[in-house]
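Examining the three-dimensional arrangement
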Amino acid sequence: MSEQAHILVVDDEERIRRLLRMYLEREGYLVDEVENGEQALEKALEFDYDLILLDLMMPDKDGVEVCEELRETKATPVIMLTAKGEEANRVQGFEAGTDDYIVKPFSPREVILRVKALLRRASETKFLQTETNAKDVLVFPHLTIDNDAHRVLVEDEEIGLTPKEYELLHYLAQAPDKVFSREQLLKDVWNYDFFGDLRTVDTHIKRLREKLNQVSEEAGQMISTVWGVGYKFRAVGTE
C-alpha cells in the first residue's frame, strides 16, 4: 500500500487481538492494540486513527461507553466486535455512533472486507477535487453539504458526522422528496453484504437528526419519516 492506514484493535482477549493484528498486518495496515476501554479511549483521543476495531463487551468501560465518549470529540470510523447473542447491545452500539459491526466468531475475509469498505467510504471524497473542476455541493435552506470537503454546515456551523452518518445524509439529499425503504438504504448506503437488521437504519437516522437538531430544528426536520415505508429528505425544513 502506498499509504498505510493506522488501525486500533481493542479486545480484552489476547487471542482475538493477535488474530486481528495478523489479518490486518498481512494487508499492510499499521496496527496498535489495547486490552480495555480506558486504554482504548486514551489512545483514540491521543492519536488520529483511520479506524478502530472495538470489542463491545469488556470489563469496566465497555465498547458502547468508549464510542459515546469518543464521539464527543472525534468521528473516527468504528467497527464494533460483538457476540451473536448481543443483538440489543449492537443496537446500543449504533446509537452510540459505531459505523458497522462484526459478529464473533468471524472469518478473516469478513474482517478485511468490512475494514476495507469502511476505510474506502471514509476517504473516497478526498480525491474528488482532483477529478472535477465543478464544486460538488448541495445547498438547501438551513443545510449545506460540501462533498468536495466532506463536511456538513447547518446554519453555517460545521457539524461532526461519522462516515456512515455523512454517507446516509448525502445519499438522501441527492434525491429530495424521494422515499427510500429501510431495505434500500441498507443495500445502497451499506454497499456490501451487510448482516444487520432494519434498526441499523433507524438508529443512524436518529443520531443524524439529533446532530442536526442541536444546531437547527428546521434542519433536523428535513429528514422525514414516511410511516410504514421508510425515510425521505425534504428540501424545505417545514411543511
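About the criteria used
Along each chain, residue indices are assigned from 1 in the same order as the chain's sequence is written. In keeping with the predicted nature of the model, local features appear solely for residues at pLDDT of at least 70, side-chain atom pairs appear and are counted solely at 80 or more, and the whole-chain, interface and lining totals rest on all residues. The basis for every side-chain value is the complete set of heavy atoms in the structure, and neither hydrogens nor water enter the calculation. UniProt positions are given in the numbering used here, feature names are shortened, and annotations may be inferred rather than shown by experiment. The way it works is that DSSP assigns letters per residue, a run of H or I at least four long becomes a helix, a run of E at least two long becomes a strand, and they are numbered from the N terminus. The buried label goes to any residue with under 20% of its type's maximum accessible area, the exposed label to any with over 50%, and the partly exposed label to all in between, with areas taken from a 1.4 Å probe on protein chains only. Aromatic contacts are taken between Phe, Tyr and Trp rings whose centres are within 6.5 Å, Trp giving its six-membered ring; a plane angle under 30 degrees counts as stacked, one over 60 as edge-to-face, and the others as tilted. For the purposes of these results, a polar contact is taken to be a pair of N or O atoms within 3.5 Å, where, inside protein, one atom must be able to donate a hydrogen and its partner to accept one; residues adjacent in sequence count only when each atom of the pair is a side-chain atom. In this analysis, two residues are considered to be in contact whenever any of their non-hydrogen atoms come within 4.5 Å of each other. Residues belong to a common nonpolar core when they are buried Ala, Val, Leu, Ile, Met, Phe, Trp, Tyr or Cys residues joined through side-chain atoms within 4.5 Å. A patch consists of residues whose relative accessible area exceeds 30% and which take part in no salt bridge; residues with like charges are grouped when within 9 Å of each other, and nonpolar side chains (Val, Leu, Ile, Met, Phe, Trp, Tyr) when within 5 Å. For accessible areas, the Shrake-Rupley method is used with a probe of radius 1.4 Å. Any residue's cover is judged against the shown protein chains and nothing else. Throughout this description, the term salt bridge denotes a Lys or Arg side-chain nitrogen within 4 Å of a carboxyl oxygen of Asp or Glu. When charges are tallied, Lys and Arg are placed among the positive residues and Asp and Glu among the negative ones, while His and the ends of the chain are skipped. Here the site of a charge means NZ on Lys, CZ on Arg, CG on Asp, or CD on Glu. One requirement defines pairing of two strands: DSSP has to find at least two bridges between them. Lines fitted to C-alpha atoms define the axes here, with helix axes fitted over just the stretch in contact, and angles between the N-to-C directions of these axes take values from 0 to 180 degrees.

Per an unreviewed UniProt entry, the protein chain goes by Two-component system response regulator ResD and derives from Salsuginibacillus halophilus. Annotation of the protein chain in UniProt includes, under Subcellular location (unreviewed entry), the sentence "Cytoplasm".

1. Section: unusual backbone geometry
The omega torsion of the bond from K104 to P105 falls at -5°, within 30 degrees of zero and hence cis. Position of P105 relative to the elements: it lies in the loop between strand 5 (100-104) and helix 5 (108-123). Positive phi, close to 70°, is recorded for D60, a residue that is not glycine. Assignment of secondary structure puts D60 in the loop between strand 3 (51-55) and helix 3 (63-70). With a relative accessible area of 78%, D60 lands in the exposed category. Despite not being glycine, E155 has its phi angle at roughly 50°, a positive value.

2. Thoughts on the packing of aromatic side chains
Here the distance between the centres and the angle between the planes together describe a pair of aromatic rings. Applying the stated rule across the entire model yields three aromatic pairs. Between the aromatic rings of F140 and F233, the centroid separation amounts to 4.8 Å while the plane-to-plane angle is 55°, which identifies the pairing as tilted. Residue F140 is found in strand 6 (residues 137-140), and its partner F233 is found in strand 12 (residues 230-233); the two are separated by 93 residues along the sequence. A relative accessible area of 13% means that F140 is categorised as buried. Seen from their ring centres, Y171 and F180 are 4.9 Å apart, and the 55° between their planes marks the pair as tilted. A residue is classified by how much of its surface remains accessible, and F180, at 3% relative accessible area, is buried.

3. Section: the side chain of T98
By the secondary structure assignment, T98 is in the loop between helix 4 (87-96) and strand 5. The class of T98 is buried, set by a relative accessible area of 2%. There is a polar contact of 3.1 Å between the side chain of T98 and the backbone oxygen of V78. At 3.2 Å, the side chain of T98 forms a polar contact with the backbone oxygen of D100. In this structure T98 touches C67, V78, I79, M80, G93 and H204, once residues within four positions along its chain are discounted.

4. Let's talk about the UniProt feature "modified residue: 4-aspartylphosphate" (unreviewed entry) in the protein chain
Residues annotated in UniProt with the feature "modified residue: 4-aspartylphosphate" (unreviewed entry) correspond here to D55. Along the polypeptide, D55 turns up in strand 3. Those residues in contact with D55 that lie beyond four places of it in its chain are V10, D11, D12, G63, M80, L81 and K104.

5. Details of the nonpolar core
Among the nonpolar cores identified, the biggest contains 28 residues, and L143, I145, V152, L169, L172, L185 and F233 are the most heavily contacted of them. Elements with a contribution of two residues or more to this core: strand 6, strand 7 (143-146), strand 8 (151-154), helix 7 (163-173), helix 8 (182-189), helix 9 (199-215) and strand 12. In terms of residues, this core owes the most to one element, helix 7, which gives six residues. Excluding anything up to four places from it in sequence, I145 contacts D136, V137, L138, R151, V152, Y166, L169, H170 and A173.

6. A closer look at a negative patch on the surface
A contiguous patch of negative charge, built from E155, D156, E217 and E218, is present on the exposed surface. Relative to the elements of secondary structure, D156 occurs in the loop between strand 8 and strand 9 (157-159). Using a relative accessible area of 72% as the deciding quantity, one classes D156 as exposed.

7. Quick notes on the sheet that holds strand 6
If you walk across this open sheet you meet the four strands as 6-7-8-9, and the pairing is antiparallel. Strand pairing shows two members of the sheet lacking a second neighbour, strand 6 and strand 9, which therefore form its edges. The mean inter-strand angle of the sheet, taken between neighbouring strand axes irrespective of direction, is 20°. Inspection of the sheet shows strand 6 paired to strand 7 by four bridges, in the antiparallel sense. Bridging from a neighbouring strand, F140 pairs with L143 of strand 7. Of the strands in this sheet, strand 6, strand 7 and strand 8 touch helix 7, which is tilted by about 110° from strand 7.

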